[in-house]
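# Observations on the model geometry
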Amino acid sequence: MLDRIVGSRRATEGNGHLAVEAGLITDATQLASARPTPWQTVQTARNIARPHALDIIGRVFEHFQELHGDRSFRDDPAIVGGIADLDGRPVIVVGQQKGSSTEENIVRNFGMPYPEGYRKAMRLYRLAQKFHLPLVTLVDTPGAYPGPEAEERGQAEAIASSIQLMTRLAVPVVVVVLGEGGSGGALALGVGDVVLALENATYSVISPEGCAAILWRSASEAERAAVAMKLAGPDLLETGVADALIREPAGGAHTDHDATAAAIKSALIAQLDRLSRVPIADLLSLRYERFRSFGMFVEPDGNATPAPAQPWWRRILKNPLEKGGL
Amino acid sequence: MRLRNPFGRKTKEFPSHLWTQCPSCGEMLFNKQLERNHRVCQKCGHHFKLGALERIELLADPKSFTETDAGIVSSDPLGFVDSKPYPERIAAAQAKSGHKDAVLTGDAQIGGVPVVLAVMDFEFMGGSMGSVVGEKLTRAAERAYADRTPLVIVSASGGARMQEGTIALMQLAKTVAAIARLDEAAIPFISVLTDPTTGGVLASFASLGDIVLAEPGALIGFSGARVTSETIGEKLPKGFQRSEFLLEHGFVDQVVPRTQLKERIAFFLNAFRVAGQDLRWSL
């Protein structure tokens, strides 16, 4: 069902051009055969020279006007957002902002939002809905900030409410994972009709270090954890967490911000073109189905009562009867 | 003459199958009496963890609970191996807890009001939410939506199940999406937080109740206390991330002792039911 929106993973898109031609990778086989290891991908996704939200916003959109504050506590610098033009049409864009230097990272809290950051995001989501503007979110965070002030101000509630709002937001939503998609803190910006990820982005339930510390009782096993967690691009395609990957320049996104932004821009325009033609009610039920379908489990048949045991004489007779004997 | 076994250990004064020591006040509690008191210390009111079956017995009217989706079991989406393969962990948890996974869902009545009831069990891999928990909770919410029945979820969970990776993370969005539909349709959802409710479960459906209740002294928070204290490099104050802390900061409606939990839930269910009926009459 999702194929109708994203364009088929295999066949042509709505406009008759191939998704692949639009620079999107929809199948792991389209990736270069020499792939970096998951741990290398984690390092690339965290590279400080990688384009961060504002780098992308400045290159993809025109006339970006940043909007500040959550209207109740303060302005969280780890989340940026505002109104901008994409290819001549206004959209709301919200993203997590990491720093490109240590000083900036301290201001941006290393891209780890506080609850007020998510509440600012929610305010902008509502603004998008109110004025029928499509929403673009840029995910790039190690996770929501885990400090005591964040707990006091309800980090969990802010994330939960943000997810809830996104699942029912009555405008097209496109999510782009730029670098790190760190757990619930990323998902609070990550519920969309289409979820795209840069080729070297990661998306995980917990950081590899955190996973290693808990399951292997040693953070130095992070490399092994990164492999086991299946957090890199091809795995995201396979599990459906990402609908498509955006191709990065040969050396990685950090080598060429302009080319990366150009690829993101053409992907965004193509996706929003398609999404804006889908009636909102359909969009919402498709978005529901998209997230509803995650999960792998084994279910016994509806009537799981075991077949009644056959009497001994029928068991004996059964085989000869089937062979046409007797 | 009294015979002594030269190899045997000294008989304990309080054998552990009969007595439990309260970790809060140190009182020795007679197990049978503790069970009768729904695993609450008679002396200091400390709330021990409660299994899913005992919780259902506590909340649901006698014999009113019928389990649904009981047969769903976990598969191993990632082929995850840490010190043990994930399927082995599942099997061990099933043997230990007697449940198929970390949540029981079903239809029940609370104080005569029909509800869809879901109860998590911390005994099963720390109550962690993977595909099975996510699916059962989503189906419970969808059934509540279809039947216009209130939903009650009792949480006890360390968060998302790491062994299912990003799929486990997506269960947050999946369950919340189902809860969001209830919210739009004005079907009551009561969320009960018990010790502990942390991580991805608190950052999804558990925080979104129309009414959010917590048991006294329960650990409730987004990130583990260890992570938080490492982040700030100092020890955390006493009572941090406990129910009363959340009450003080405005994230739970009430802290309700276990013995009063059922009547309190029934009160809210009745209030919302009456309100709904009034509205229907006026339309």
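Note that the structure is predicted; figures quoted are calculated from it, not measured.

Our next topic: the overall build of chain B. What chain B contains, in helices and strands, is 9 helices and 11 strands. What you see for chain B is a C-alpha radius of gyration of 21 Å, in line with the 19 Å of a compact globule of 283 residues. Dimensions along the principal axes, computed over C-alpha positions, put chain B at roughly 85 × 45 × 45 Å. When the 283 residues of chain B are sorted by exposure, 47% land in the buried category. In chain B, of all internal contacts separated by at least 6 residues, the share reaching a separation of at least 24 is 68%.

When you go through chain A residue by residue, the secondary structure sums to 14 helices and 10 strands. Looking at chain A residue by residue over its 326 residues, the buried ones come to 51%. Counted over contacts in chain A with a minimum sequence separation of 6, partners at least 24 positions apart contribute 71%.

Attention shifts here to the environment of threonine 166 of chain B. The topology assignment puts threonine 166 of chain B in helix H5 (residues 165–184). You can call threonine 166 of chain B buried: it has 26 C-beta atoms within 10 Å. For the pair threonine 166 of chain B and phenylalanine 65 of chain B, spaced 101 residues apart in sequence, the C-alpha to C-alpha distance is 33 Å. Residues within four places of threonine 166 of chain B in sequence aside, it is in contact with Tyr203, Ser204, Val205, Leu231, Leu236, Thr239 and Val241 of chain A.

In terms of nonpolar packing, the biggest core is built from 166 residues, with Leu196 of chain A together with Leu117 and Leu151 of chain B touching the most fellow members. Here leucine 196 of chain A is in contact with Val174, Val175, Val176, Ala242, Asp243, Ala244, Ile246 and Ala267 of chain A, once residues within four sequence places are set aside.

For the rest of this paragraph, the subject is the pairing of strand E6 (residues 113–120) of chain B. All names here are of chain B. Of all 8 residues in E6, 6 are buried; the element is thus mostly enclosed. In the sheet, strand E5 (residues 103–110) pairs with E6 via 8 bridges, with the strands oriented antiparallel. Residue pairing in the sheet places isoleucine 110 in a bridge with valine 113 of E6. Where E5 folds back on E6, the antiparallel hairpin that results is connected by 2 residues, among which glycine 111 adopts a positive phi of roughly 55°. Read as a crossover between parallel neighbours, the route from E6 over helix H4 (residues 131–147) to strand E7 (residues 151–157) is right-handed.

Right, let's get into the interface of chain B and chain A. Quoted interface sizes are often the accessible area lost when the parts come together. With 51 residues of chain B at the contact, the number on the chain A side is 46 residues. Looking at the side of chain B that touches chain A element by element, the count peaks at 15 residues for H5 of chain B. In terms of residue class, the side of chain B that touches chain A is built from 28 nonpolar, 19 polar and 4 charged. Alignment of strand E10 (residues 297–298) of chain A against strand E4 (residues 73–74) of chain B, held across 2 bridges, turns out to be antiparallel. Bridge assignment links phenylalanine 297 of chain A to a residue of E4 of chain B, and that residue is serine 74 of chain B.

For helix H2 (residues 52–59) of chain B, the complete set of buried residues consists of Ala52, Arg55, Ile56 and Leu59 of chain B. Projected onto a plane normal to the axis of H2 of chain B, the buried residues spread over an arc of 100° and lie on a single side.

What follows deals with the confidence of the model for chain A. Here chain A averages 86 in pLDDT, and 85% of its residues register 70 or above. Low confidence marks residues 1–18 of chain A, where pLDDT is under 50. Its contacts with residues over four positions away, or in another chain, come to 28 contacts.

Below, the discussion takes up the packing of helix H3 (residues 53–60) of chain A against helix H12 (residues 257–275) of chain A. Residue and element names in this part refer to chain A. Between H3 and H12, the shortest axis-to-axis distance is 9 Å and the interhelical angle comes to 65°. One finds that H3 runs roughly perpendicular with respect to H12. The two elements H3 and H12 meet at a crossing, and its hand is right-handed. Residues Asp55, Ile56, Arg59 and Val60 of H3 pack against His257, Asp258, Ala261, Ile264, Lys265 and Leu268 of H12. Looking at side-chain class alone, the contact of H3 with H12 contains 5 nonpolar, 1 polar and 4 charged residues.

This paragraph deals with the packing of helix H5 (residues 115–130) of chain A against helix H7 (residues 155–167) of chain A. Residues and elements named next belong to chain A. Their axes nearest at 8 Å, the elements H5 and H7 cross at an angle of 20°. In terms of axis orientation, H5 runs roughly parallel to H7. Of the two possible hands of crossing, H5 and H7 adopt the one that is left-handed. Within the contact between the two elements, H5 uses Pro115, Tyr118, Arg119, Ala121, Met122 and Tyr125 and H7 uses Gln155, Ala158, Ile159, Ser161, Ser162, Leu165 and Met166. Taken together, the residues that form the contact of H5 with H7 break down as 9 nonpolar, 3 polar and 1 charged.

The next thing to look at is H3 of chain A. Every buried residue of H3 of chain A is listed here: Ala53, Asp55, Ile56, Ile57 and Val60 of chain A. Its buried side turned inward, H3 of chain A meets strand E2 (62–66), strand E3 (79–86), strand E4 (89–96), strand E5 (135–141), strand E6 (173–182) and H12 of chain A.

Moving on to the confidence of the model for chain B. Looking at chain B as a whole, the pLDDT averages 89, with 90% of positions reaching at least 70. For this predicted complex, the interface score ipTM comes out at 0.90, while the overall pTM is 0.89.

Okay, unusual backbone geometry next. Omega for the bond connecting aspartate 195 of chain B with proline 196 of chain B falls within 30 degrees of zero, at -15°, which places this linkage in the cis form. By secondary structure assignment, the location of proline 196 of chain B is in strand E8 (residues 189–198). In the Ramachandran plot, histidine 63 of chain A falls in the positive-phi region, its phi being about 50° despite a non-glycine side chain. When you line up the elements, histidine 63 of chain A lands in strand E2. Taking the number of C-beta atoms within 10 Å as the measure of exposure, histidine 63 of chain A has 9 and is therefore exposed. With phi around 60°, lysine 63 of chain B is a residue other than glycine that occupies positive phi space. For lysine 63 of chain B, the position within the fold is in the loop between H2 and strand E3 (66–68). C-beta crowding within 10 Å serves as the criterion here: with 8 such atoms nearby, lysine 63 of chain B is assigned to the exposed category.

Once that is clear, we can look at the pairing of E5 of chain A. Regular strands place their side chains on alternate faces of the sheet. All names here are of chain A. Most of E5 sits inside the fold, with 7 of its 7 residues counted as buried. One ladder, built from 4 bridges, connects E4 with E5; its direction is parallel. Opposite valine 93, over in E5, you have valine 136 as the bridge partner. Note: E5 against E6, 6 bridges, orientation parallel. Looking at E6, one finds that threonine 141 is bridged to glycine 181.

Conventions adopted
Residues numbered from 1 in each chain as written. Chains lettered and ligands numbered in written order. Predicted model: local features only at pLDDT ≥ 70, side-chain atom pairs only at ≥ 80, totals over all residues. Helix = DSSP H or I, 4+ residues; strand = E, 2+ residues; numbered from the N terminus. Rg over C-alpha atoms; globule rule 2.2 N^0.38 Å. Buried ≥ 20, exposed ≤ 12 C-beta atoms within 10 Å, placed from the backbone. Contact = placed C-beta atoms within 7 Å. Core = buried A, V, L, I, M, F, W, Y, C linked by C-beta atoms within 7 Å. Pairing = 2+ DSSP bridges. Right-handed = clockwise from strand over helix to strand, strands pointing away. Nonpolar A, V, L, I, M, F, W, Y, C, P; charged D, E, K, R; others polar. Arc of directions from axis to C-beta. pLDDT = per-residue confidence, 0-100. Axes fitted to C-alpha atoms, helices over the stretch in contact; angles between N-to-C directions. Parallel < 35°, antiparallel > 145°, perpendicular 65-115°, else oblique. Left-handed = near helix turned anticlockwise from the far one by under 90°.

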